[in-house]
Amino acid sequence: MNEMKLWYVRSAEKWEESLPIGNGSLGAMIKGGTDEEILGLNEESLWSGYYKDKNNPGAAAQLEEVRRLIFAGKNKEAERLIQKSMLGEFNESYLPLGSLSLRFSYEGETAAADYRRELDIDHACARVAYSCCGTHYEREYFASYPARAICIRLKADRSAMDFTMSFASELEHTCEAKKGGLEIAGRCPEHVDPSYIPLREDSVVQGTRGKAFTAAVRILECDGLVENTGDRIRVSGASVCVLILSAVKEPALPENASYDSLKAEHIRDYEALYGRVELYLGEQKALPTDERLELLKKGEEDNGLYSLFFQYGRYLLIASSREGSLPANLQGIWSWELRAPWSSNWTININTQMNYWHVQSCNLGECAEPYFRFMEKICEEGKKTASVNYHCRGFVAHHNIDFWGNTNPVGLLPGQTEGGDGCVNWAYWPMGGAWLTQELFLRHGFRIVYDKDQDEAVSDGFFYTVGYGDLTSSELLSELLLYGICAISLTTTGSRQPGIRVCVSQLNRPEQFDLLEARLTAFGQNHR
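Rules behind the numbers
- Residues numbered from 1 in each chain as written.
- Predicted model: local features only at pLDDT ≥ 70, side-chain atom pairs only at ≥ 80, totals over all residues.
- Heavy atoms only, no water.
- Helix = DSSP H or I, 4+ residues; strand = E, 2+ residues; numbered from the N terminus.
- Buried < 20%, exposed > 50% of the residue type's maximum accessible area, 1.4 Å probe, protein only.
- Contact = heavy atoms within 4.5 Å.
- Areas by Shrake-Rupley, 256 points an atom, 1.4 Å probe, with all protein chains shown as cover.
- Expected span 1.5 Å × (residues − 1).
- Bend = angle between axes of the 7 residues up to and from the residue.
- Pairing = 2+ DSSP bridges.
- Axes fitted to C-alpha atoms, helices over the stretch in contact; angles between N-to-C directions.
- 1 Å grid on protein atoms, 1.4 Å probe; cavity = no way out; pocket = protein on both sides within 12 Å on 5 of 7 lines; lining within 4 Å.
- Points joined across faces, edges and corners; volume = space filled by probe spheres on them.
- Nonpolar A, V, L, I, M, F, W, Y, C, P; charged D, E, K, R; others polar.
- pLDDT = per-residue confidence, 0-100.

Draft legend 1. Molecular detail of the overall build of the protein. For the protein, the count of helices and strands is twelve helices and 22 strands. Classification of the 528 residues of the protein by burial places 53% in the buried group. Look at the contacts in the protein between residues 6 or more apart in sequence, and 70% of them connect residues 24 or more apart. Summing over all exposed atoms, the protein offers an accessible surface of approximately 23400 Å²; the carbon and sulfur share of this is 52%.

So this is what it looks like as structure tokens:
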């Protein structure tokens with residue numbers, strides 16, 4: 001058994017235990033309750049705020065004095081001057097769309113049996129199954145990139161399925177039940193303080209300048225009775241019901257689309273990316289994922305769990321970063337709080353870069369397109385900050401970015417002119433933009449490659465297979481660094497025997513491939 005699945009025998013008790021699905025733009029977290037299913041929903045473009053130039057026009061006037069103080073060894077005085085006169089307003093916040101509730105009614109006792117909740121990473125589908133009151137129930141969920149929608153199918157083995165569907169959100173909104181579904185409209189607040197700022201009267205300002213949005217839940221198929229009751233829908237006596245959830249973007253449903261056709265299209269699209277890399281370190285154990293983690297903590301060996309974790313990382317990037325979407329933020333696309341930790345923004349002093357560290361070496365180059373496109377926006381805004389803060393050409397970005405692309409050093413609340421104590425330590429760091437450009441060089445390094453085993457050019461890596469060994473060996477890593485290798489990718493050999501297939505990206509020294517091959521061969525022979 002080598003299926004890549006996270007699975008559990010109970011529903012999630014908190015957000016972090018929920019199962020994520022996403023199509024790059026639209027995401028859901030699935031708790032899998034039997035009395036009530038709650039799907040936490042996000043759409044990538046729902047941010048507080050509006051475009052506003054947050055650069056501090058007086059910053060450059062203090063630059064020379066700050067430099068003089070630093071060179072004189074007066075760092076505290078320099079920090080105080082930056083805090084007083086060179087900062088701009090904080091980023092805005094990524095916001096949750098809301099939650100979709102499906103509250104179930106049963107004919108008798110509601111204790112569920114044979115419960116299973118799973119995320120099928122191989123096919124990007126989540127499922128919940130259980131039996132209750134003599135009926136077997138199944139729910140399946142996927143977020144389709146081609147259809148621009150989340151699809152949900154609820155099934156029962158007899159016409160006994162009763163549930164009420166409703167929507168709730170912390171955002172200003174209306175929800176109206178109409179024939180065939182729910183229609184939602186709302187507006188984001190025009191300002192939300194970062195979560196690390198103590199709560200104050202104006203921590204959330206609704207105003208009128210925030211982003212407007214729409215969302216909808218449509219019933220694609222249902223063999224039961226559907227009734228509208230104000231802002232909710234009641235379904236009764238059904239054996240199947242298919243829901244299509246969309247937000248901001250209209251769904252792209254083919255004429256006469258069925259659940260099966262949408263699922264097949266979704267899997268084809270997903271597998272074209274996911275199916276490029278396989279890592280085999282051992283069979284997957286027939287135990288729930290949380291039990292496997294507990295056994296691993298106690299010292300039990302479970303090499304298959306490492307390959308599951310590896311593929312889960314690839315899955316999450318595919319689910320949160322697709323062509324045409326925004327790049328994955330601090331929470332990917334899955335965030336549940338109005339004032340999310342660190343505003344769930346793009347923190348570019350390491351976190352955004354970490355999201356994409358595996359994008360080239362794990363053969364997900366298309367998932368980097370949102371990153372590169374967003375960099376164009378950062379460059380344009382960063383030119384303003386470079387000019388205003390430093391009287392320099394080029395562009396600069398500091399330690400975090402929001403949807404509006406502000407690149408200024410942060411630290412001020414609206415209306416403030418001076419930052420708080422200590423904020424300069426993390427806010428005044430002008431290297432974020434430079435670090436982001438590293439991914440451009442990695443992309444270039446993965447363009448011209450050669451497969452020594454196949455004796456032909458291949459895409460996304462020069463592959464060479466070595467024996468099974470210590471994947472973190474400093475000896476091997478030092479060899480890779482010595483020969484200018486940008487990244488490695490771990491995958492299986494064709495025989496399904498444990499092995500390391502090293503994907504080597506060389507920029508300018510192909511003449512050293514033979515020497516590198518000899519070193520890798522020796523490493524493999526010595527570490528079997």
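Draft legend 2. Main features of helix α7 (residues 369-390). Over its 22 residues, α7 runs 30 Å from end to end, which matches the ideal 32 Å to within 8%, given 1.5 Å per residue. At glutamate 381, α7 is bent by approximately 25 degrees, the largest bend along its length. Within α7, the full set of buried residues consists of Pro370, Tyr371, Phe372, Phe374, Met375, Ile378, Glu381, Gly382, Thr385, Ala386, Asn389 and Tyr390.

Draft legend 3. The sheet that holds strand β9 (residues 149-156), seen in detail. Reading across from one edge, β1-β6-β7-β8-β9-β18-β15-β12-β11 is the order of the nine strands in this open sheet, with antiparallel pairing throughout. The sheet is open, and its two borders are formed by β1 (5-8) and β11 (172-178), each paired with just one other strand. Taking the axes of each pair of neighbouring strands and ignoring which way they run, one obtains an average angle of 15 degrees across the sheet. The pairing of β11 with strand β12 (residues 181-187) spans seven bridges and is antiparallel. Within the sheet, the bridge partner assigned to lysine 178 lies in β12 and is glycine 181. Relative to the sheet, helix α3 (residues 259-274) contacts β7 (125-132), β8 (135-144), β9, β15 (212-222) and β18 (240-247), its axis offset from that of β8 by approximately 50 degrees.

Draft legend 4. Main features of empty space enclosed by the protein. On inspection of all chains with the given rule, the structure shows five cavities of 30 Å³ or more. Here the largest cavity defines a volume of roughly 70 Å³. Taken together, Gly22, Asn23, Ala124, Ala143, Tyr145, His266, Asp269, Tyr270, Tyr315, Ile318, Ala319 and Arg322 make up the full set of residues lining the largest cavity. If you list the elements that add at least two residues to the lining of the largest cavity, you get α3 and α5 (303-320). Tallied by class, residues from the lining of the largest cavity come to seven nonpolar, three polar and two charged. Lining the second largest cavity are Pro327, Trp346, Ile348, Thr352, Tyr371, Phe374, Met375, Ile378 and Leu436. The dominant element in the lining of the second largest cavity, judged by the number of residues it contributes, is α7, at four residues. Looking at the lining of the second largest cavity residue by residue, the classes come out as eight nonpolar, one polar and no charged.

Draft legend 5. Spotlight on the confidence of the model for the protein. A residue-level look at the protein finds 84% of positions with pLDDT of 70 or above and a mean pLDDT of 87. Here residues 447-512 is a poorly scored stretch, pLDDT under 50, and it has 141 contacts once near neighbours within four places are set aside; other chains count.

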